[in-house]
Amino acid sequence: MSLFVCEISGETATSSEQMVVTPSGHVCTKRLLVAKLRENGGVDPFNERTLHEDDLIPLATSSSSSSNKSIIPPPRPTASTSYTHMLELLQTEYDAVVLELFDTRQALQSTRQELSQSLYQHDAAMRVIARLLKEKDLYKSQLMELQVSGVATSEQVQQQESLATKRHHEEETAAAALEQPSAKKQKTGSAKDDDADASAIDQAQLPLDGNIPDSDLTQMVTAWQGLHQGRKAIQKIAAAAAPSVEQLNSLAKDVTVAMHKTSCKQMTAMTVASASGTAHIVTAGADKQVLCYDAASKAVVWSIPKTQASYLSYQPSSSSSNTGAEQERPSVLATGHGKLLSFYNISSSGDVSNPVVATTLESIVSVQLHPDKNHVMVGTLHVLLLYRIQTAAANDDEQDDASLVHVSSFGQEEDGFEMTCGCLHPDGLIYICGTSDGNLQIWDLKNKCLGGTLVAANSSDSSSSVTHVGISENGYHIASTNASGVVTVWDLRKQAIVATLNDQDEADRLESVSSTSFDPSGKYLAYGGSTGLRVCMVKEWKIKASYEIAADYLGWAGAATIVAAGKKGRLVHLLE
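Cut-offs applied
Residues numbered from 1 in each chain as written. Predicted model: local features only at pLDDT ≥ 70, side-chain atom pairs only at ≥ 80, totals over all residues. Heavy atoms only, no water. Helix = DSSP H or I, 4+ residues; strand = E, 2+ residues; numbered from the N terminus. Buried < 20%, exposed > 50% of the residue type's maximum accessible area, 1.4 Å probe, protein only. Areas by Shrake-Rupley, 256 points an atom, 1.4 Å probe, with all protein chains shown as cover. Pairing = 2+ DSSP bridges. Axes fitted to C-alpha atoms, helices over the stretch in contact; angles between N-to-C directions. Arc of directions from axis to C-beta. Contact = heavy atoms within 4.5 Å. Patch = residues over 30% accessible without salt bridge, like charges linked within 9 Å, V, L, I, M, F, W, Y side chains within 5 Å. Salt bridge = Lys/Arg side-chain N within 4 Å of Asp/Glu carboxyl O. Phe/Tyr/Trp six-rings, centres within 6.5 Å; stacked < 30°, edge-to-face > 60°. Expected span 1.5 Å × (residues − 1). Bend = angle between axes of the 7 residues up to and from the residue. pLDDT = per-residue confidence, 0-100.

Caption draft 1: Summary view of the overall build of the protein. On a plain count of helices and strands, the protein comes out with seven helices and 32 strands. Buried positions account for 41% of the 576 residues belonging to the protein. Approximately 31,600 Å² of the protein is accessible, and the part contributed by carbon and sulfur atoms is 52%.

Caption draft 2: Main features of the pairing of strand E7 (residues 278-285). In terms of burial, E7 is largely enclosed, as eight of its eight residues are buried. Here E7 shows a buried face lined by Thr278, His280, Val282 and Ala284 and a second buried face lined by Ala279, Ile281, Thr283 and Gly285. Pairing analysis gives eight bridges linking strand E6 (residues 267-275) to E7, with the strands arranged antiparallel. Bridge assignment links Ala275 to a residue of E7, and that residue is Thr278. Here E7 folds back onto strand E8 (residues 289-294), and the loop between the two strands holds three residues, one of which, Lys288, carries a positive phi near 60 degrees.

Caption draft 3: Geometry of the sheet that holds strand E30 (residues 553-556). Taken in spatial order, the four strands make up an open sheet running E5-E32-E31-E30, and their pairing is antiparallel. Both edges of this open sheet fall to strand E5 (255-258) and E30, since each of them pairs with a single strand only. Strand-to-strand twist across the sheet, computed as the mean angle between neighbouring axes with direction ignored, equals 20 degrees. Relative to strand E31 (residues 562-565), E30 runs antiparallel, the two sharing four bridges. Across the sheet, residue Gly555 finds its bridge partner in E31, namely Val563.

Caption draft 4: Expanded view of helix H1 (residues 30-40). The set of residues buried in H1 consists of Leu33, Val34 and Leu37. One face of H1 carries all of its buried residues, which in axial projection span an arc of 100 degrees. Exposed residues lying more than 90 degrees from the buried face of H1 are Arg31, Arg38 and Glu39. Where H1 is buried, its residues touch strand E1 (19-21) and strand E2 (27-29). Just past H1, the residue Gly41 takes up positive phi, approximately 80 degrees.

Caption draft 5: Fine view of the sheet that holds strand E3 (residues 57-59). Read across the sheet, three strands follow the order E2-E1-E3 without closing on themselves; strand pairing throughout is antiparallel. Edge positions in the sheet fall to E2 and E3, since each has one partner strand and no second. Pairwise comparison of adjacent strand axes, ignoring direction, gives a mean angle of 40 degrees for this sheet. Of the pairings in the sheet, the one linking E1 to E2 comprises three bridges and is antiparallel in character. When the sheet's bridge partners are listed, Val20 is paired in E2 with Cys28.

Caption draft 6: Region of interest: unusual backbone geometry. Here the phi dihedral of Lys306 falls at roughly 50 degrees; this positive angle occurs in a residue that is not glycine. Turning to its location among the elements, Lys306 is positioned in the loop between strand E9 (299-305) and strand E10 (311-315). Under the relative-accessibility criterion, Lys306 is labelled exposed at 74%. With phi around 80 degrees, Lys539 is a residue other than glycine that occupies positive phi space. Looking at the secondary structure, you find Lys539 in the loop between strand E28 (532-537) and strand E29 (543-547). According to the relative accessible area criterion, Lys539 is exposed, its value standing at 72%.

Caption draft 7: Structural context of a nonpolar patch on the surface. On the surface, Met126, Ile129 and Leu133 cluster together to form a nonpolar patch covering roughly 270 Å² of accessible area. Among the residues examined, Met126 registers a relative accessible area of 44% and is labelled partly exposed.

Caption draft 8: Representation of the pattern of salt bridges. Taken as a whole and judged by the stated rule, the model has eight salt bridges. Residues Glu135 and Arg131 are paired through a salt bridge, measuring 3.1 Å at the closest nitrogen-oxygen approach. Of the two residues, Glu135 and Arg131 both sit in helix H3 (residues 83-149), four residues apart, roughly one turn of that helix. Looking at Glu135, the relative accessible area reads 28%, which means it is partly exposed. Of the charged contacts in the structure, one is a salt bridge between Asp216 and Arg388, with a shortest N-O distance of 2.6 Å. Here Asp216, found in helix H6 (residues 214-241), pairs with Arg388, found in strand E16 (residues 384-391); they are 172 residues apart in sequence, far enough to count as distant. Among the residues examined, Asp216 registers a relative accessible area of 1% and is labelled buried. Linked by salt bridges that have partners in common, Asp508, Arg534 and Glu548 make up one network.

Caption draft 9: The packing of aromatic side chains, seen in detail. For the structure shown, the criterion picks out one aromatic pair. Ring plane angle 50 degrees and centroid distance 5.7 Å describe the contact between Trp302 and Tyr314, whose orientation is recorded as tilted. Of the two residues, Trp302 is situated in strand E9 and Tyr314 in strand E10; the sequence distance between them amounts to 12 residues. On the basis of relative accessible area, Trp302 is assigned to the buried category, the value being 5%.

Caption draft 10: Just H6, in detail. Look at H6: 39 Å from first C-alpha to last across 28 residues, which is about the 40 Å you get at 1.5 Å a residue. The largest bend in H6 comes to about 45 degrees, at Arg231.

Caption draft 11: View of the confidence of the model for the protein. Chain-level pLDDT for the protein is 79 on average; 78% of the residues reach the 70-or-more range. Ranking the elements of the protein by mean pLDDT puts helix H5 (residues 181-190) last, at 38, and strand E26 (residues 515-518) first, at 94. A low-confidence stretch, residues 320-326 stays under pLDDT 50, and its non-local contacts, those more than four residues away or across chains, total nine contacts.

Caption draft 12: Expanded view of the side chain of Gln235. Checked against the element boundaries, Gln235 lands in helix H6. Once you skip the residues sitting within four places of it in the chain, Gln235 turns out to touch Glu473, Asn474, Pro520, Ser521 and Gly522.

Caption draft 13: Here's a closer look at the pairing of strand E11 (residues 331-337). Within E11, six of the seven residues are buried, which leaves it mostly tucked inside the rest of the structure. Of the pairings in the sheet, the one linking E10 to E11 comprises five bridges and is antiparallel in character. Within the sheet, the bridge partner assigned to Tyr314 lies in E11 and is Leu333. As paired elements, E11 and strand E12 (residues 340-346) share seven bridges and run antiparallel to each other. Paired with Thr335 across the strands is Ser342, a residue of E12.

Caption draft 14: Looking closely at the environment of Met537. Following the sequence through the fold, Met537 ends up in strand E28. A relative accessible area of 14% means that Met537 is categorised as buried. The spacing of Met537 and Val245 is 292 residues in sequence and 8.8 Å in space, taken between C-alpha atoms. When near neighbours in sequence (up to four residues on either side) are disregarded, Met537 contacts Val245, Lys523, Tyr524, Lys542 and Lys544.

Structure follows, in structure tokens:
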């Protein structure tokens, strides 16, 4: 028997196997080595050099030299003569198999990850293709409609220019009329209703740039009628639940909620809405998440990932019929960031629909959902936009269940004029815009006109730009803040200033004020900034409570709970 061991198989060659040696000195079975050379194209498997079969040197075995002699088996290796060495050999082989299995598992996991990534990219590509095809079909249909209806003729353009000139002349006339005492007296005398609704706005004012269709205006007026009729009863309930001054000062200051990720270093927007006996706190952070926190269950009920929002407007689902709706609508959310407006439907189980988006020509400065849940008011730098939330028909095969349809746009064309913020009257027919010159514009949507301009003191000052504007739930008072930190309170019925808060003379003055919020009863006004929060009583306009917490964003979660959050960080404070 041969004593040669093949370096390819690791086995001792039998008498029938022909052994060869390579020029590099490696002994192998000829059959295996030739097969290996055919497999790798004539390359020596030991040193990767060119090797031909003719270069192999055959080795003589005992059987080939003397076939008649008795074959004496060689002694067994020392490593195989004891159980200890045999166990070591088995352990070595087992370790090699385990290591090879580990490498195989790693390769399998890597392959799975690559496959998952490829499938995700494929799915994303298919979604993009589907969206592009849908947009292409939409643009084709719009192009066909334009071709059918035709573009504006030169005569229509000239007519529009003449109307714009006439409108500018009417604006100057109306502005001069507002400054006359007789006009103010006549307007105040006509405001006999205690509620600051659309009838309290002078109707002989400026027309809108774009007319609101009758169908949309009918929906808005229907919602206004339902809310106007039920507002007094709601205010009575809210006034009965309003906290006393002692209760206000005893609110806990250490209740904080951290909804966003720990990596979130900035809060970009917050809004608070109440319905069905609970309050929802909706926040947007720099971690590109929009979260909704239920104050009753103390848990996040829904979230929207990968979403940036600088402005939020949220209306939770409600079974109330005050808005004139025939059936209960799901919760709705509108967000604004840059020039992008997004709309979401949210089910009672917390499922969020795909966003319906619209792009504006200018940067968005305010977003307000209308109480009828069918319209969105969007303020940009120079133009106010009204969008209709168009729901899909029952037999519509499209996947999206809503769309944003531009209905009207209006504003003033003045040099250096810019809108900075805005808010919607609780009844939905008055929109108040803050401007860069420190004044407030009151737009009457029902009569399609500019109802008036509230001129602030020192409006020519560069620091008088309005940074935030809010209105009480009863519709009586408007609170606005400017860049210098002064809070101005207006009476909407009289269109006059009734209080100036946080001015230079106050001892407990905040360095900056960026938000205001009236409580549900209209009894208290809270205002705050990065250095603190102050609460004063309406009509007296004296500070009743002070809190040293960041309050760049404010809201009331019920009658006796103040919600405050700072722009820096991710904490939301609940004073309850």
